[in-house]
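Examining the three-dimensional arrangement
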Amino acid sequence: QKMPPSLPATINIQEPRWDQSTFQGRAKHFFMVTDPRNLLLSGATLEEARRVVEDYRAGTVHPGLTEDQLWRAKYIYDSAFHPDTGEKMILVGRMSAQVPMNMTITGCMLTFYRTTPAVLFWQWVNQSFNAIVNYTNRSGDAPITPSQLGTAYVSATTGAVVTALGLKSLTKHLPAIIGRYVPFAAVAAANCINIPLMRQRELKLGIPVTDENGNRLGESTAAAQKAILQVVVSRIGMAAPAMAIPPVIMSILEKRAFLKRYPYLNAPLQVGLVGLCLVFATPLCCALFPQKSSMPVSSLEPEVQDQIRKKDRWLETVYFNKGL
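Residue positions within a chain follow its written sequence, with the count starting from 1. For this predicted model, a pLDDT threshold of at least 70 governs which residues receive local features, and a threshold of 80 or more governs which side-chain atom pairs are given and counted, while totals over whole chains, interfaces and linings are taken from all residues. Side-chain figures throughout are based on the complete set of non-hydrogen atoms in the structure, without hydrogens or water.

Going by the annotation in an unreviewed UniProt entry, the name recorded for the chain is Sidoreflexin, with Dicaeum eximium given as the source organism. UniProt positions are given in the numbering used here, feature names are shortened, and annotations may be inferred rather than shown by experiment. Recorded in UniProt under Sequence similarities (unreviewed entry), the annotation for the chain is "Belongs to the sideroflexin family." Listed in UniProt under the heading Subcellular location (unreviewed entry), the comment for the chain reads: "Mitochondrion membrane".

A count of helices and strands for the chain gives 13 helices and four strands. With the C-alpha coordinates of the chain rotated into their principal frame, the extents come out at 65 × 65 × 35 Å. With a 1.4 Å probe rolled over the protein chains alone, any residue whose accessible area is under 20% of its type maximum counts as buried; one over 50% counts as exposed, and the rest are partly exposed. Per-residue burial for the chain yields a buried fraction of 45% across its 324 residues. Per-residue and other accessible areas were derived by the Shrake-Rupley procedure at a 1.4 Å probe size, with only the shown protein chains allowed to occlude residues. Approximately 16,600 Å² of the chain is accessible, and the part contributed by carbon and sulfur atoms is 62%. Positive charges are assigned to Lys and Arg, negative charges to Asp and Glu, while His and the chain termini are left out of the count. By convention, the charge on Lys lies at NZ, on Arg at CZ, on Asp at CG and on Glu at CD. Put simply, the chain has 33 plus and 23 minus side-chain charges, and the middle of one group is 12 Å from the middle of the other. Think of it this way: any DSSP run of H or I at least four residues long counts as a helix, any run of E at least two long counts as a strand, and we number them from the N terminus.

As a further point, take a nonpolar patch on the surface. Each patch groups residues whose relative accessible area exceeds 30% and which form no salt bridge, using 9 Å between like charges and 5 Å between nonpolar side chains of Val, Leu, Ile, Met, Phe, Trp and Tyr. For salt bridges, the criterion is a side-chain nitrogen of Lys or Arg within 4 Å of an Asp or Glu carboxyl oxygen. Together, Phe23, Leu229, Val233 and Leu288 make up a nonpolar patch on the protein surface, roughly 350 Å² of accessible area in all. Using a relative accessible area of 38% as the deciding quantity, one classes Val233 as partly exposed.

If you want it as structure tokens, here you go:
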């Protein structure tokens, strides 16, 4: 039996497998990144994926390794290890934990929205989870200090709770279906507070901008503003289907005899519906904007434009990592 030909050491596994200039390519990439099944992989499987990827980057190709196996190892490695530090990430902070964690928290926020203590508790749980995700997926170039993390956590939790309680009191005399949308408004408000605060260092000092070959040209606060806006839109988009569709379905079901007879099924049904929405909404909303985003040089700050013109006067577009 003939051995398969050895894999060339020239495949660029620094970049995603699919064309990131198309929505379809980005969606395929993020379906892999957010796959909840990665949470079930053993420590030995993760370490094996790390060994395959690190050896390949160093120029060593394991005998019999196929291209599909290499890409599988890369996505397993990316799902569990921090891209800058190489450390194994906290389990609930990984992108693969987004769907199971968010479906549980969002489902409970939508189920237990009628009393003030329940609103307070579930908004607090949601922002605690967001703080873990933001810390776990922090950029190695711009580390988050404990005081920044604390400020973002307290501000986002306060913003979400104040919005939720304020809207709850305003909707008392309106139809019940409107009251069901209070948690979504609170989550949208919290995202608008939490993400810019978590990334305040980038807004103050700028993020790296590069040419299309990845050569660093400087740091831009204009690029940081665009990156953070894109992430806020994506995060609100992720929450929208899961928080907009189940309330309508549950409102109809609660009027039927089945749920009146088995009221304990309310929460599991709500969580299941939210999960179904999130399985698709999470990767598709991550894919709304390219991870490697771009903007015209003419839209950057004047001093950054001058800096770039000295290096390449004909350059028209710069690129930057928008974050997640």
